[in-house]
Amino acid sequence: MHPTRIFKKPEEIEKAFLEYKQSLIAESKKWLKVQYVGKDGSRKTDAQKVPLTLEGFERFSYSNYGNVSQYFDNKDKYYNDFVAICTRIKREIREDQITGGLLGFYNPSITQRLNSLKETTSTEISGGLNIPNLPDIANRKK
């Protein structure tokens, strides 16, 4: 066990992730979508869904607990008991982004790039150049 662990048990990082998700509900009130509705064009504002991101969770955790990136990186194998919960958190974030992109809540193009989802197409162009064999111009008689 690493001596400077912020979280001692996987349940503690899971609790922090749940707090992060709750904080996004409050943060969504900063990102209002303005619409003009009805025949008179009444102004209506709606809070937009803020996507889950690993960077956002790390920022939230850093502000509230400390640096959690080492739990996800696990470079020195000090956090092996956190691998399962960190994998689940990453997958939940990815699922939220993909579903949000499919439903149009998030930009589908950005969602694809963030999650390494892309449709690959191959275009092959073949052809040749036909150059006639002409006599050398320099050796021509005038």
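Structural data are supplied above this passage.
The sections below set out a description of the structure shown in this document. Bear in mind that the values here come from a model prediction, so they are computed numbers and not experimental data. Per chain, residue numbering runs from 1 following the sequence as it is written. For this predicted model, a pLDDT threshold of at least 70 governs which residues receive local features, and a threshold of 80 or more governs which side-chain atom pairs are given and counted, while totals over whole chains, interfaces and linings are taken from all residues. Remark: hydrogens and water are excluded; side-chain values derive from all non-hydrogen atoms of the structure.

Further remarks concern the environment of Q97. Helix and strand definitions here come from DSSP, where helices need a minimum of 4 consecutive H or I residues and strands a minimum of 2 consecutive E residues; each element is numbered from the N-terminal end. With respect to the helices and strands, Q97 occurs in helix α4 (residues 83-103). When the C-alpha positions of Q97 and N115 are compared, they lie 8.1 Å apart, and in sequence the two are 18 residues distant. Only heavy atoms matter for contacts: two residues are in contact if any of them lie within 4.5 Å across the pair. Discounting residues that sit within four places of it in the chain, Q97 has contacts with L52, T53, Y106, T111, L114 and N115.

In summary, the pairing rule links any two rings of Phe, Tyr or Trp, Trp by its six-membered ring, whose centres are within 6.5 Å, and it sorts them by plane angle into stacked for under 30 degrees, edge-to-face for over 60 and tilted for everything else. Tallying each qualifying case throughout the model produces nine aromatic pairs. Arranged with centres 5.3 Å apart and planes meeting at 85°, the rings of F17 and F57 form a pair that is edge-to-face. One end of the pair, F17, is in helix α1 (residues 10-27); the other, F57, is in helix α2 (residues 54-64), and 40 residues separate them in sequence. The exposure classification of F17 matches that of F57, with both residues buried. Taking the centre distance of 4.9 Å and the plane angle of 75° together, the rings of Y71 and F82 count as edge-to-face. Of this pair, Y71 sits in helix α3 (residues 69-73) while F82 is found in the loop between α3 and α4, placing the two residues 11 residues apart along the sequence. Buried residues are those whose accessible area, probed at 1.4 Å on protein chains only, stays under 20% of the maximum for their type, while exposed residues exceed 50% and partly exposed ones sit between those limits. When its relative accessible area of 1% is taken as the criterion, Y71 is described as buried. Residue F82 is classed as buried on the basis of its relative accessible area of 0%. Through successive ring pairs, a cluster of aromatic residues spans F7, Y65, Y71, Y79 and F82.

With that out of the way, let us pick up the packing of α1 against α4. For helices, the fitted axis covers only the stretch in contact; all axes are lines through C-alpha atoms, and the angles between them, taken along N-to-C directions, range from 0 to 180 degrees. At their nearest, the axes of α1 and α4 sit 10 Å apart, and the two run at 20° to each other. The angle between the axes of α1 and α4 places the two elements in the roughly parallel class. Note that α1 runs across α4; the crossing there is right-handed. Between α1, through P10, I13, E14, F17 and K21, and α4, the contact on the second element is made entirely by I85, C86, R88, I89, E92 and I93. Just so you know the grouping, Ala, Val, Leu, Ile, Met, Phe, Trp, Tyr, Cys and Pro go in nonpolar, Asp, Glu, Lys and Arg go in charged, and all remaining residues, Gly too, go in polar. Here the contact of α1 with α4 is built from residues that sort into seven nonpolar, no polar and four charged. Angle categories: roughly parallel below 35 degrees, roughly antiparallel above 145, roughly perpendicular from 65 to 115, and oblique for all the rest. Left-handed describes a crossing in which the near helix is turned anticlockwise from the far one by less than a right angle; the clockwise case is right-handed.

This paragraph deals with the packing of α1 against α2. At a closest axis distance of 10 Å, the pairing of α1 and α2 adopts a crossing angle of 105°. Taken together, the axes of α1 and α2 are roughly perpendicular relative to one another. Between α1 and α2, the contacting residues are I13, A16, F17, E19, Y20, S23 and E27 on the first element and G56, F57, R59 and F60 on the second. Residue composition of the contact of α1 with α2, grouped by class: six nonpolar, two polar and three charged.

Quick look at the environment of E58 now. Assignment of secondary structure puts E58 in helix α2. Using a relative accessible area of 25% as the deciding quantity, one classes E58 as partly exposed. A C-alpha to C-alpha distance of 9.5 Å links E58 and F17, two positions 41 residues apart in sequence. What E58 contacts, discounting residues up to four positions off in sequence, is V68, S69 and F72.

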